[in-house]
Amino acid sequence: MNQEYEQDDRFETDDDEAVATRRDAGDAESSRASRGWWDRNADEYQNDHGAFLGDDRFVWGPEGLDEAEAGLLGPTEGLKGLDVLEIGAGAAQCSRWLAAQGARPVALDLSHRQLQHALRIGGEVPLVEADAGALPFRDGAFDLACSAYGAVPFVADPVRVFREVRRVLRPGGRWVFSVTHPIRWAFPDEPGPEGLSVAASYFDRTPYVEQDEQGRAVYVEHHRTLGDRVRDVVAGGFRLVDLVEPEWPEWNSQEWGGWSPLRGNLIPGTAIFVCEREG
């Protein structure tokens, strides 16, 4: 884990020319766009949010809900010795926290550049570059799986991802993931008052796509209603144990994209699904 971290010109490009639209985007296009976007934007993301995320902290979303307090993976003292897969790990901050509790985490991400940041920060967590829809692990390899805003919002077929997660979990294994709260799709993605008025149909599942001049997607995010997410969880072979909608805490004064104290005190911004493997 002591490889040198360097800036890499391969990932420098200008997304300013991208045009936002709503259109269909399948698995392959979504995966390609996500890999490219995160490779290009990992440096800015870690620079902007690295201090809030910490190097070895497990944060479920912009509200700042901490796993050390929430215990959504189970009692902290019970994590020792467990094999844990973090999907969409970014710079592996959550995995480092898990390792500090005595767990044996593996940090997986689609983006090579995000994993380079994991190398930059350091630690002994194994890093794997792979797609969440085709996990390169044997059946029943893990006790737990988790994802804090990783992979799930960006895939066209979440059930395929959930079935892969189920496959690599042991019977009774827990799968916990957080995503943008579905209600947010009805509102403009703005942190101020303009983000408080409904502007679109909550029931419009058309993906949000940013595309270049040739019409190629450079960023894709998929919308599912709350009911869709629950049905996807069940179709993936899981039982929904809990659905957590973190409230905005008084101590958090930051803005992160469309997340802000103003909006956070009025409408939920994050949904966390706590699931257990059926069978």
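Structure report, in brief. Numbering of residues starts from 1 in every chain and runs along the sequence as written. Local features in this predicted model are restricted to residues of pLDDT 70 or higher, and side-chain atom pairs are both shown and tallied only at a pLDDT of 80 or more, whereas totals for entire chains, interfaces and linings draw on every residue. To get the side-chain values, take all heavy atoms of the structure and skip hydrogens and water.

## A short note on the pairing of strand β6 (residues 169-180)
So, step 1. Note on classification: 1.4 Å probe, protein chains only; a residue is buried when its accessible area is under 20% of the maximum for its type, exposed when over 50%, partly exposed between these limits. Labels follow the DSSP assignment, with helices taken as runs of H or I lasting at least four residues and strands as runs of E lasting at least two, numbered in each case from the N terminus. Most of β6 is tucked away, with 9 of its 12 residues classed as buried.
So, step 2. DSSP-based pairing: two strands are paired if at least 2 bridges between them are found. The sheet contact formed by strand β5 (residues 142-148) and β6 spans 6 bridges and is parallel. When the sheet's bridge partners are listed, Phe142 is paired in β6 with Leu169.
So, step 3. With the strands pointing away from the viewer, any crossover whose connection runs clockwise from the first strand over the helix to the second is right-handed. Of the crossover connections in this fold, the one passing from β5 over helix α5 (residues 158-168) to the parallel β6 is right-handed.

## Examining the packing of α5 against helix α6 (residues 226-235)
So, step 1. The contact between α5 and α6 brings their axes to 8 Å, and the two run at 40°. Viewed along their axes, α5 and α6 adopt a mutual orientation that is oblique. Considering the relative orientation of α5 and α6, their crossing is right-handed. Where α5 approaches α6, its residues Pro158, Val159, Phe162 and Arg163 are matched on the opposing element by Arg229, Asp232, Val233 and Ala235. For helices, the fitted line uses only the C-alpha atoms of the stretch in contact; every axis is such a line through C-alpha atoms, and the angle between N-to-C directions lies from 0 to 180 degrees. With respect to orientation, any angle under 35 degrees is reported as roughly parallel, any angle over 145 as roughly antiparallel, any angle of 65 to 115 as roughly perpendicular, and every other angle as oblique. Here is the rule for handedness: rotate from the far helix to the near one, and if that takes an anticlockwise turn smaller than a right angle the crossing is left-handed, while a clockwise turn gives right-handed. Contact definition: two residues touch when any of their heavy atoms are within 4.5 Å.

## Regarding the pattern of salt bridges
So, step 1. Salt bridge, as applied in this entry: a Lys or Arg side-chain nitrogen positioned within 4 Å of an Asp or Glu carboxyl oxygen. One pass over the full model with this rule turns up 17 salt bridges.
So, step 2. With a closest N to O distance of 3.3 Å, Arg35 and Glu129 form a salt bridge. Placement of Arg35 in helix α1 (residues 27-53) and of Glu129 in strand β4 (residues 127-129) is noted, with a sequence separation of 94 residues between them.
So, step 3. Overall, the relative accessible area of 40% leaves Glu129 in the partly exposed class.
So, step 4. Through salt bridges that share partners, Asp83, Arg104, Asp143 and Arg170 make up one connected network.

## Section: the sheet that holds strand β10 (residues 270-277)
So, step 1. Taken in spatial order, the 7 strands of this open sheet run β4-β3-β2-β5-β6-β10-β9, and their pairing is mixed. Both outer strands of the open sheet, β4 and β9 (238-244), are each paired with one neighbouring strand and no more. Each strand of the sheet is rotated relative to its neighbour by a mean of 20°, with strand direction disregarded.

## Some details on the nonpolar core
Buried together is how nonpolar side chains tend to be arranged in soluble globular proteins.
So, step 1. In terms of nonpolar packing, the biggest core is built from 27 residues, with Leu85, Ile87, Phe137, Val165, Trp175 and Phe177 touching the most fellow members.
So, step 2. Only β2 (83-87), β3 (104-109), β5, α5, β6 and β10 provide two or more residues apiece to this core.
So, step 3. Once residues lying within four places of it in the same chain are set aside, the contact partners of Phe137 are Leu85, Val106, Leu108, Val128, Phe142, Arg167 and Val168.
So, step 4. Joining through side-chain atoms within 4.5 Å is the link that ties buried Ala, Val, Leu, Ile, Met, Phe, Trp, Tyr and Cys residues into a set, and such a set is a nonpolar core. Trp60, Leu98, Ala103 and Cys146 belong to the second largest nonpolar core, which has 16 residues in total.

## What to know about the packing of α1 against helix α4 (residues 112-121)
So, step 1. Contact geometry of α1 with α4 gives a least axis separation of 7 Å together with a crossing angle of 35°. Judged by residue contacts, Trp38, Asp39, Ala42, Asp43, Tyr45 and Gln46 of α1 engage His112, Arg113, Gln114, His117 and Arg120 from α4.
So, step 2. Of the residues belonging to the contact of α1 with α4, the class tally is 3 nonpolar, 4 polar and 4 charged. Note on residue classes: Ala, Val, Leu, Ile, Met, Phe, Trp, Tyr, Cys and Pro are nonpolar, Asp, Glu, Lys and Arg are charged, and everything else, Gly too, is polar.

So far we have only geometry, and geometry alone does not tell us how the molecule works.
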